[in-house]
Amino acid sequence: MKRYLLLSVLVITVFFLFITGCGIKDHQFQGEREAGEATAPLAESSPEGLSVFKPTDPAQLKVHFLDVGQADAILIQLPDQQTMLIDAGNNDDGSAVVSYLQQRGINKINYLVGTHPHEDHIGGLDEVINTLEIGQVYLPKVIHNTKTFEDVLLALRSKGLKVNPAHAGVTLLKQDNLKVNLLSPAGTEYKEINDWSVVIRVQYGDKAFLLTGDAEIQAEEEMLAAGLELQANILKVGHHGSRSSTTSAFLAAVAPEYAVISVGRDNDYGHPHAETLARLAQMGVQVYRTDVEGTLVFTTDGQKMSIERQGSKLKTDQAEGQSPVAGNEKVAGESTGSGSNGVLIGNKRSKIFHQSTCSSLPVEKNRVYYATREEALSDGLAPCINCKP
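Rules used throughout
Residues numbered from 1 in each chain as written. Predicted model: local features only at pLDDT ≥ 70, side-chain atom pairs only at ≥ 80, totals over all residues. Heavy atoms only, no water. Helix = DSSP H or I, 4+ residues; strand = E, 2+ residues; numbered from the N terminus. Buried < 20%, exposed > 50% of the residue type's maximum accessible area, 1.4 Å probe, protein only. Contact = heavy atoms within 4.5 Å. Areas by Shrake-Rupley, 256 points an atom, 1.4 Å probe, with all protein chains shown as cover. Core = buried A, V, L, I, M, F, W, Y, C linked by side-chain atoms within 4.5 Å. Pairing = 2+ DSSP bridges. Phe/Tyr/Trp six-rings, centres within 6.5 Å; stacked < 30°, edge-to-face > 60°. Lys NZ or Arg CZ within 6 Å of the ring centre and 35° of its normal. Axes fitted to C-alpha atoms, helices over the stretch in contact; angles between N-to-C directions. Polar contact = N/O pair within 3.5 Å; in protein donor to acceptor, adjacent residues only side chain to side chain. pLDDT = per-residue confidence, 0-100.

## So, the overall build of the chain
Along the chain, the regular secondary structure elements total 11 helices and 21 strands. Here the chain holds 389 residues, and the buried ones make up 58% of them. A sequence separation of at least 24 residues applies to 68% of the contacts in the chain between residues at least 6 apart. Of the roughly 15300 Å² that the chain leaves accessible, carbon and sulfur atoms contribute 49%.

Have a look at this one:
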């Protein structure tokens, strides 16, 4: 009790010292999630539906969705050579994120954003702050009484960095054909800390990305009610594909061609939920998942779009003796044909069923077998968008 009282006082004191503005909200300790998996080397591919071009022009936007397991970390390389990092995975992911950045010659983050103070989003931020040069820092005006949040604030204090409040209406960049705007949070009272998530829309030429953190129904409804420009070619699906995000109304307003789900394989939450995958499928959205493709890098010159992807190499696969997904395996939207011997394989946790040749099969302990598609559907499972059983 004494530990958490002292921690609470420290967190509040440090945050007030370094944040611009007021109206800070305090969410008490609710537990932190398990650390995610580390990243692996990058491989290149050219999935169906994306225009392919050689990423040699410096005037390009690159958005990296890092494979940090059941967590979020997004690197944006802007056309003017500046960088933005949105979240940095779990506590154990900090070194992997820093390594990923440094391997690409990145030693400065011009814009650092922590979408909300949950460990699976800000866990690695302290290592990023301590290791790299940091420009502007943006956090929502809410505190969380955890050691993870304390570590981030102490890292900011050690560098003498001031926190800018992240909220709807803030423009991070507006130059030529590049715009980076914050669309949420717009309110000052949220029951769920996820709804404090910073939602960012990045537009470069004709292409736009909508990055939603863990924003849930309340935040989505606020953005819809405000009549904000939500349309985007690529949607980072909210809350790792939870059913509590990506409502049909919100999805219709965004109208994405592609969706990225940052999620850990066979995670304890059953993410992505079948309801979310069904809504995306109903809208004809092509889905990419970090638990299947690994780190995903979208590159655009404002008109054409290309993608690099890598094979997932997660701790759970190696522990269970499963083969990692190879970099040249199937991509979302490609069909693998009939399953071996007509057997379909369901995932007990995610409630998704697959062909036996699918690249995103669950580990053996989470499998359930079906003889027919109808049997799997009647058992409440949804078909995999990747292999289309």
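After presenting the structure, the write-up continues.
## Observations concerning the nonpolar core
Within the largest apolar cluster, 32 residues are counted, with the highest numbers of intra-cluster contacts made by Phe65, Ile76, Val202, Phe209 and Phe298. Counting 31 residues, the second-largest nonpolar core is a separate cluster that includes Ala71, Leu75, Leu112 and Phe149.

## Details of helix H2 (residues 94-103)
When we look at burial in H2, the residues that qualify are Gly94, Ala96, Val97, Val98, Tyr100 and Leu101. Packed against the buried residues of H2 are strand S2 (61-65), strand S3 (74-77), strand S4 (83-86), strand S5 (108-113), helix H4 (125-131) and strand S16 (296-300). Backbone geometry just after H2 places glycine 105 at a positive phi near 75 degrees.

## A look at the pairing of S16
Within S16, 5 of the 5 residues are buried, which leaves it mostly tucked inside the rest of the structure. Neither face of S16 is left uncovered, since the one carrying Leu296, Phe298 and Thr300 and the one carrying Val297 and Thr299 both have all their residues buried. For S2 and S16, the ladder comprises 5 bridges, and the chain directions are antiparallel. Within S16, the position partnered with phenylalanine 65 by the bridge is leucine 296. Here 5 bridges tie S16 to strand S17 (residues 305-309), and the two strands are oriented antiparallel to one another. Among the inter-strand pairings, phenylalanine 298 is bridged to a residue of S17, identified as isoleucine 307.

## A closer look at the packing of aromatic side chains
Per the counting criterion, the structure on display carries 5 aromatic pairs. When the centroid spacing of 6.3 Å and the interplanar angle of 75 degrees are considered together, the rings of phenylalanine 209 and phenylalanine 298 count as edge-to-face. With phenylalanine 209 in strand S12 (residues 207-211) and phenylalanine 298 in strand S16, the pair connects residues that are 89 residues apart, well separated along the chain. For phenylalanine 298, a relative accessible area of 0% translates into the label buried. Taken together, the aromatic side chains of Phe65, Phe209, Tyr258, Tyr288 and Phe298 make up a single cluster linked through ring pairs. The ring of tyrosine 100 is capped by arginine 104, whose NZ or CZ atom sits 3.5 Å from the centre of that ring.

## Description of the sheet that holds strand S10 (residues 178-184)
Here 7 strands make up an open sheet; going across it, the order is S9-S10-S11-S12-S13-S14-S15 and the pairing mixed. In this open sheet, the two strands that pair with only one neighbour each are strand S9 (171-175) and strand S15 (286-289). On average, each strand axis in the sheet is tilted by 20 degrees relative to the strand beside it, whichever way the strands run. Across 5 bridges, strand S11 (residues 199-204) lies against S12 in antiparallel orientation. Bridge assignment links valine 202 to a residue of S12, and that residue is phenylalanine 209.

## Here's the deal with the environment of glutamate 216
Considering the arrangement of structural elements, one finds glutamate 216 in the loop between S12 and helix H6 (217-225). C-alpha separation for the pair glutamate 216 and threonine 246, spaced 30 residues apart in sequence, amounts to 7.4 Å. Once you skip the residues sitting within four places of it in the chain, glutamate 216 turns out to touch Glu192, Asn194, Asp195, His239, Ser244 and Ser245. Of the polar contacts made by the side chain of glutamate 216, one reaches the side chain of histidine 239; its length is 2.9 Å. For glutamate 216, the side chain forms a polar contact with the side chain of serine 244, separated by 2.8 Å.

## What about the sheet that holds S16?
Strands sit in the order S8-S6-S5-S4-S3-S2-S16-S17 across an open sheet of 8 strands; the sheet is mixed. Every other strand in the sheet has two partners, leaving strand S8 (163-165) and S17 as the edge strands with one partner each. Strand-to-strand twist in this sheet, taken as the mean axis angle between neighbours without regard to direction, amounts to 20 degrees. Pairing geometry for S4 and S5, over 3 bridges, is parallel. Counted as the bridge partner of leucine 85 is leucine 112 from S5.

## Looking at the pairing of S11
On a regular strand, one side chain projects to one face of the sheet and the next to the other, so that they alternate. Of all 6 residues in S11, 6 are buried; the element is thus mostly enclosed. Side-chain alternation along S11 places Val199, Arg201 and Gln203 on one buried face and Ile200, Val202 and Tyr204 on a second face that is also buried. As judged from the 6 bridges shared by S10 and S11, these two strands associate in the antiparallel manner. Looking at S11, one finds that asparagine 181 is bridged to arginine 201.

## With respect to the confidence of the model for the chain
The share of residues in the chain with pLDDT of 70 or more is 76%, and the mean pLDDT across the chain is 80. Per-residue pLDDT stays below 50 along residues 1-6; that stretch engages in 4 contacts with residues further than four places along the chain or on separate chains. Ignoring residues within four places in sequence, the model shows residues 27-56, a span with pLDDT below 50, making 102 contacts including any to other chains.

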